[in-house]
Every structure is written in C-alpha cells, then in structure tokens.
Amino acid sequence: MDMTESKLLNSFNDDVVKGDYGESWTVEAYKKLKGISLFKCDTAAHRNLDIDFTNDYNISICDDVDMIKNTDSLLIEVKTDYSKFKNQCIEVVSNTNTNSKGWALVTEAKYIVSVFPNLNRVYIYDGKKFREYAEKISNDDSVKTIKLNTAGYNGKKLYNTIIKLVRRKTLFDLGIILEIYDMTSFQCLYRKDNVNHIH
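First things first, this report covers the structure right here in the doc.

Okay, the pairing of strand S8 (residues 121–126) next. Counting buried positions over the 6 residues of S8 gives 5, a clear majority of the element. Bridging between strand S7 (residues 111–116) and S8 involves 6 bridges; their strand directions are antiparallel. By the bridge assignment for S8, Tyr111 is matched with Asp126. Between S7 and S8, which pair antiparallel in sequence order, lie 4 residues; one of them, Asn120, sits at a positive phi of approximately 55°. Bridge analysis of S8 against strand S11 (residues 177–182) gives 5 bridges, and the strand direction is antiparallel. When the sheet's bridge partners are listed, Ile124 is paired in S11 with Glu179.

Quick look at the nonpolar core now. Core analysis: the largest hydrophobic core is formed by 21 residues, its most contacted members being Ile90, Tyr125, Phe130, Tyr133, Val166 and Leu171. Looking at this core, the elements with two or more residues in it are strand S5 (87–95), helix H5 (103–106), S7, S8, helix H6 (127–137), strand S10 (157–167) and S11. At 4 residues, the largest contribution of residues to this core is made by H6. Non-local contacts of Leu171, meaning those with residues more than four positions away in its chain, are made with Gln88, Tyr125, Phe130, Tyr133, Val166, Ile176 and Ile177. One finds Trp25, Ile36, Phe53 and Ile76 within the second-largest nonpolar core, a separate group that totals 16 residues.

Turning to the packing of aromatic side chains, a few remarks are in order. In the structure shown here, the tally under the stated rule is 9 aromatic pairs. Relative to Tyr190, the ring of Phe172 has its centre 4.9 Å away and its plane inclined at 55°; by these criteria the two rings are tilted. Of this pair, Phe172 sits in helix H7 (residues 168–173) while Tyr190 sits in strand S12 (residues 188–191), and the two are 18 residues apart along the sequence. Overall, Phe172 belongs to the partly exposed group, its relative accessible area being 37%. Given a relative accessible area of 23%, Tyr190 falls into the partly exposed group. Here the aromatic cluster, defined as three or more aromatic residues joined through ring pairs, consists of Trp103, Phe116, Tyr123, Tyr125 and Phe130. Here the basic side chain of Arg168 rests over the ring of Phe116, its NZ or CZ set 4.4 Å away from the ring centre.

Definitions and cut-offs
- Residues numbered from 1 in each chain as written.
- Predicted model: local features only at pLDDT ≥ 70, side-chain atom pairs only at ≥ 80, totals over all residues.
- Heavy atoms only, no water.
- Buried < 20%, exposed > 50% of the residue type's maximum accessible area, 1.4 Å probe, protein only.
- Helix = DSSP H or I, 4+ residues; strand = E, 2+ residues; numbered from the N terminus.
- Pairing = 2+ DSSP bridges.
- Core = buried A, V, L, I, M, F, W, Y, C linked by side-chain atoms within 4.5 Å.
- Contact = heavy atoms within 4.5 Å.
- Phe/Tyr/Trp six-rings, centres within 6.5 Å; stacked < 30°, edge-to-face > 60°.
- Lys NZ or Arg CZ within 6 Å of the ring centre and 35° of its normal.

In structure tokens:
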C-alpha cells in the first residue's frame, strides 16, 4: 500500500485533551438542542465497539457486546480534529505494532460526531454508512493513505496509525453526512431530508 508518513509526532496526552473538548461539546449540544442527557460509556465492551456515549444509563454501564449492539438507544462516537482542511481522517489501522483495526472499521456507533474546532464546524455522520465506507476504502490505494506517529507521555514514539484522507464532499455526496452544525452558536447549517437526529 502506497502511503505518506507524517513527520509530526502526535502526543497521546494531547489526543486525550482534544478528545475531551469534542466530547464536552457533544454533551452540551444534546442537552441544549434536544434536552437529552448523555452518559459516558467506558466499559471494555464499549471500548471494543468504539462507543463514547449513550442516552441510556443501563447501556452506559453494560459490558455485554451483543446487548449494546442490539439496543434501540443512542450510541455515539465522538472524534475531534484540529485540522483546517476539507478532509475527514478515517482510521483503518489503530496500531501498526499489533495490526489492530482502526476505530472506523470497528465502531458500532449509530452516529459519529466529528468536531472541528478550528473550522467552527461539527459534522454528524451516519455511523453504519460511515463504517461500511471505511471498509470499502481500507485497502484502496487510490485513496490517500497517511501513517501517523503517536508518542507516549515521555515523548518517545509508541506506535503508528494508518488513516485514509477523504474529502467531506465525498461523504456528503454518499449521503453519510446527516447534519452540520456551527460549533459556537449550535445552529444547524444542514440537515439531510427526513433526519431528526438532534432536534
């Protein structure tokens, strides 16, 4: 697979802080726009399914993969990206040391909330369609592939992650984007027909 290796060294700690920022926006948005309280999901089953939040407390503490996958409750994954470009990062290999699948291939989230603070935009993706598309392009050499470096708390490289870079317009054309929000005002800038995801 042809790929470009990033010269940047991402900090694991920085990634956690950035993720917390996007998650905070998501919790506030659901409460503000629909009056829905979200519960953090942090069991081993949720981590295996790459799910961050649900609106069902019992599901949030559940450690049964099948029960989580079959629930009618909201299942949300949040991703925060400080890029200013028109691309969506789609992780296909989480850790090259273990060759573990990227979050985009394993998430069972019904909705993916993709937060871009430097663009002041939040994109809501159809989780199932997003995962199916990620599977389709995971080994497609025609889609730009980048190897990222992740460092631990000591600043030394821990592992590489492999992502696909896809223009958001492509996701829009494929019907994967359900909604677009102004991050500051919470104003909905776009909603796909017949979608009533947040309000």
